[in-house]
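Reading the structure
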Amino acid sequence: MFKFNFDVEDGTEQSTADMNHTTPNNGPHSVQAVVPESFTELSLADAQPSINERSALHFLDAPSDLGGLKTWECSLDLASYLDGISSQFDVSGKRVLEIGCGTSITPSQNQTHIHLQDYNASVLELVTIPNIILTWCSHSACQEERADSPLELNISESLKDAFNQSLMTYGVNLRFFSGSWDTFDLQKSCGSYNLVLTSETIYRMESLPSLTAIMRSACNAEGPKGVNDYLCLVAAKVLYFGVGGGVAEFVHCVRDLDKGGAVETVWEKTQGVERRVMSVRWN
């Protein structure tokens with residue numbers, strides 16, 4: 001659930017000529033699911049021509065994690081929490097990274113750099129990018145791009161151009177990265193972030209070391225930052241039945257990481273399937 005929250009005064013024009021919005025691809029991307037072995041950047045050009053459930057059938061049989069096809073409960077929790085603290089943590093002017101973004105819950109305001117990472121390039125192509133464009137379209141006049149069904153949107157070249165122009169107008173920088181957490185290159189993504197988000201990503205114990213490592217690096221834990229210079233949030237179920245991961249294992253991994261860190265629960269649901277939103281501070 002990518003959320004646009006632009007606030008521009010009437011008659012105000014903001015220049016974004018010096019902003020690099022996306023890095024062009026060197027070649028076409030397949031619509032088939034991929035198991036990326038390296039850090040790869042995608043652009044809006046990779047968005048598929050229409051949004052509908054049939055598009056997903058191209059890669060349902062691929063041997064990879066397809067959790068990005070669904071907006072999970074904890075993603076909604078994280079979006080709600082971010083909305084609740086918006087008056088205390090202003091995203092405007094910040095660098096934001098969402099790890100394992102899937103459908104994406106990242107908020108957007110003026111002059112914001114938003115980087116979205118997912119393991120599967122196909123998730124970014126078929127879910128993340130179209131979902132962001134669809135969210136933008138619901139807040140703008142692009143009814144002529146609607147297909148016959150109200151649940152479908154034709155991603156035409158004119159729609160992409162209009163979307164890119166809107167990004168430039170409001171100073172929003174969008175970049176998309178596929179690949180494993182171990183291969184995420186902070187130098188290529190231009191450095192650390194002020195807001196690091198991840199949701200429903202702690203369910204595999206074997207993946208926790210690489211997840212916590214990318215989170216720590218993305219927050220520039222080694223740099224001379226103050227206590228309010230970054231916010232690192234993790235939304236998750238307390239226990240993931242059948243796969244071994246959960247909050248306790250994540251907390252242990254954070255503490256056991258080199259120099260460690262502290263995990264604080266900032267929101268929780270205790271009835272039914274227990275869920276939490278946690279804030280991580282790195283030592």
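Let us look at the structure shown here.

Calculation notes
Residues numbered from 1 in each chain as written. Predicted model: local features only at pLDDT ≥ 70, side-chain atom pairs only at ≥ 80, totals over all residues. Heavy atoms only, no water. Buried < 20%, exposed > 50% of the residue type's maximum accessible area, 1.4 Å probe, protein only. Helix = DSSP H or I, 4+ residues; strand = E, 2+ residues; numbered from the N terminus. Pairing = 2+ DSSP bridges. Contact = heavy atoms within 4.5 Å. Phe/Tyr/Trp six-rings, centres within 6.5 Å; stacked < 30°, edge-to-face > 60°. Lys NZ or Arg CZ within 6 Å of the ring centre and 35° of its normal. Core = buried A, V, L, I, M, F, W, Y, C linked by side-chain atoms within 4.5 Å.

The subject of this paragraph is the pairing of strand β7 (residues 195–199). Among the five residues in β7, five count as buried, and that is most of the element. Burial along β7 is two-sided: the residues Leu195, Leu197 and Ser199 and Val196 and Thr198 are all buried. Bridge analysis of β7 against strand β8 (residues 231–237) gives five bridges, and the strand direction is parallel. If you follow Val196 over to β8, its bridge partner there is Cys232.

With that settled, consider the environment of Gly93. Of note, Gly93 is situated in the loop between α1 (73–84) and β3 (95–99). Each C-alpha atom of the pair Gly93 and Gln111 lies 4.9 Å from the other, and the pair is 18 residues apart in sequence. Setting aside anything within four residues of it in sequence, one finds Gly93 in contact with Asn110, Gln111 and Thr112.

Bringing the packing of aromatic side chains into the picture now. Applying the stated rule across the entire model yields three aromatic pairs. Their ring planes at 70° and their centres at 5.2 Å tell us that Trp136 and Phe163 sit as a pair that is edge-to-face. Taken together, the residues Trp136 in helix α2 (residues 121–138) and Phe163 in helix α3 (residues 157–170) connect sequence positions 27 residues apart. No difference in accessibility class separates Trp136 from Phe163, as the two residues are buried. Seen in terms of ring centroids, Tyr203 and Tyr240 are 5.9 Å apart; in terms of plane orientation they differ by 55°. Their pairing is tilted. Of this pair, Tyr203 sits in the loop between β7 and α4 (208–218) while Tyr240 sits in the loop between β8 and α5 (247–256), placing them 37 residues apart in sequence. Directly above the ring of Tyr193 sits Arg95, whose terminal nitrogen or CZ lies 4.5 Å from the centroid. Positioned over the ring face of Tyr230 is Arg281, at 3.9 Å from the centre of the ring.

Ranked by internal contacts, the top residues of the largest apolar core, which has 33 residues, are Leu78, Leu82, Ile133, Leu174, Leu195 and Leu197. Residue assignment for this core shows that the elements contributing at least two residues are α1, β5 (113–118), α2, α3, β6 (173–178), β7 and β8. Considering every element that reaches this core, the biggest residue donor is α2, with six residues. When sequence neighbours within four positions are dropped, the list of residues in contact with Leu82 reads Ile105, Pro107, Leu195, Leu197 and Leu233. Core analysis: the next-biggest nonpolar cluster, separate from the first, contains 28 residues, Phe177, Trp181, Leu208 and Val280 among them.

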